[in-house]
Amino acid sequence: MSSPAGLHRVMEPSGVLPQAAWRLDASPEIAEDEVRIRVERLNLDAASFRQLSVKFGGDGDKVRQEVLRIVGERGKMHNPDTGSGGMLIGVVEEVGAGSSLGLVVGQRVATLVSLTLTPLVISDGLVGWDGLGEQVPAAGHAVLFGRSIAAVLPDDLPADLALAVFDVCGAPALTARVVSEFIADTGRAPHVVVLGAAGKSGALSLAAARATGAGRVTGLVPSASEAKLLADSGLADAVVVADATDPVATAAAVEGVGALGDVTVVCVDVPGCEHGAILATGGGGTVVFFSMATSFPAAALGAEGLAADVRMLIGNGFTPGHAELALRLVRSVPGVRAMFDRRLAETR
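One numbering rule holds for all chains: residues counted from 1, following each sequence as written. Totals for whole chains, interfaces and linings use all residues, but because this is a predicted model, local features are given only for residues with pLDDT of at least 70 and pairs of side-chain atoms are given and counted only at 80 or more. In computing side-chain properties, one takes all heavy atoms of the structure into account and sets aside hydrogens as well as water.

Caption draft 1: Structural view of the pattern of salt bridges. A carboxyl oxygen of Asp or Glu within 4 Å of a side-chain nitrogen of Lys or Arg is what we treat as a salt bridge. Using the criterion set out here, one finds 20 salt bridges in the structure. Its salt-bridge partner being Arg36, residue Glu94 comes within 2.7 Å of it at the nearest N-O pair. Of this pair, Glu94 sits in strand 4 (residues 86–95) while Arg36 sits in strand 3 (residues 35–44), placing them 58 residues apart in sequence. Owing to a relative accessible area of 33%, Glu94 belongs among the partly exposed residues under this scheme. Per-residue accessibility, obtained with a 1.4 Å probe over protein chains only, is compared with the maximum for each type, and a residue is labelled buried under 20%, exposed over 50%, and partly exposed between these values. The exposure class assigned to Arg36 is buried, which follows from its relative accessible area of 13%. Here Lys55 and Asp81 are joined by a salt bridge, their closest N and O atoms 3.9 Å apart. Placement of Lys55 in helix 1 (residues 46–55) and of Asp81 in the loop between helix 2 (60–74) and strand 4 is noted, with a sequence separation of 26 residues between them. Taken together, the salt bridges that share partners define one network made up of Lys55, Glu66, Arg69, Glu73 and Asp81. Only DSSP runs of H or I reaching four residues or more are called helices, and only runs of E reaching two or more are called strands; each is numbered from the N terminus.

Next up, the structure:
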């Protein structure tokens, strides 16, 4: 009997959900409430790709072989070192009679659930991928459960752009929600600080904060080149340069623009940014951790050790309406589109 959460696909260990499982059954035969997707492209999450690239010294062939090994061994793309995966696009190949996802055979879709819980088979050896970028041309199949989510690819955007947007669409949606809640609770517009502001999720979070009524948005980046890129986009009122893994430097850079953050959004894809985010946030503020490189024990214990009265949120990749909001920002905010086009041009 199938489970809407995919329990019937768990091979080991038993009794856990697919995301926590070590290995999934990725066979192509679908249950009544499942959907099978013919895979066209994977998008590895930033933390996972960076870890793999560093691990193998930038050797793309070794990165490619490691991704194949992980998927072959686990029946899903679930990096054991980062605990993260990514998402994919493909074509709906078969829809179970009891599926509630509203998908139709032949539609091109992006899965809005993590590859860490998506049964996946790669059939082409990833021959079209050089291992040097996050987007991975691939052939194979994937399976969506009854409680999975997916979005039909828009006709007006290139597929690789849509994939990149959908991969991080949870960040702007939750940022907008937190900003709205702050305004409702305090009656004032917050100072929003985004760490890793020149990345995909960072750019969208800046735009979402401003569109929702933030009083000021500050973007923190690690280098002068990224500072210029962000400044040229017009997405931030202030751009500061600091190493987000250096807590003192991060807090000083943010405070240097006039005030600590009321809302701090962490979009950095390297570990060690927890304490800087906490120090950069004023008392009673909120820190939203979107990076999969975050150590949540380090965040909780760091805040305790600093006697920091901050609320800390784990960035849930799902917020109702998240895909639509992200697409709207890409379409309507030139700076966001420019940032995405620039990032994608570097990997094409």
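Caption draft 2: Examining the sheet that holds strand 14 (residues 311–314) more closely. When DSSP finds at least two bridges between two strands, those strands are taken to pair. Read from one edge to the other, the open sheet built from 6 strands follows the order 11-10-9-12-13-14, with strand pairing classed as parallel. Of all the strands in the sheet, just strand 11 (238–241) and strand 14 have a single pairing partner and so form its edges. Neighbour-to-neighbour, the strand axes of the sheet open up by a mean angle of 20°, direction not taken into account. Pairing of strand 12 (residues 261–266) with strand 13 (residues 281–289) involves 5 bridges; the strand directions are parallel. What sits directly across from Gly261, in strand 13, is Thr281. Should any heavy atoms of two residues lie within 4.5 Å, those residues are considered in contact. In this analysis, axes come from line fits to C-alpha atoms, helices being fitted only over the stretch in contact, and the angle between any two N-to-C directions falls in the range 0 to 180 degrees. The strands touched by helix 9 (residues 296–305) are strand 13 and strand 14; relative to strand 14, the strand with the most contacts, the crossing angle is about 175°.

Caption draft 3: Inspection of the packing of helix 3 (residues 159–167) against helix 10 (residues 322–332) at higher detail. The geometry of helix 3 relative to helix 10 is characterised by a closest axis approach of 9 Å and an angle of 125° between their N-to-C directions. One element, helix 3, and the other, helix 10, form an angle in the oblique class. Between helix 3 and helix 10 lies a crossing whose hand is right-handed. Across the interface between the two elements, Leu161, Val165 and Phe166 of helix 3 pack against Ala323, Ala326, Leu327 and Val330 of helix 10. Class assignment for the residues of the contact of helix 3 with helix 10 results in 7 nonpolar, no polar and no charged. Oblique is the label for any angle not covered by the other classes, which are roughly parallel (under 35 degrees), roughly antiparallel (over 145) and roughly perpendicular (65 to 115). With the far helix as reference, a near helix turned anticlockwise by less than a right angle produces a left-handed crossing, and one turned clockwise produces a right-handed crossing. Nonpolar residues are Ala, Val, Leu, Ile, Met, Phe, Trp, Tyr, Cys and Pro. Charged residues are Asp, Glu, Lys and Arg, and all others, Gly as well, are polar.

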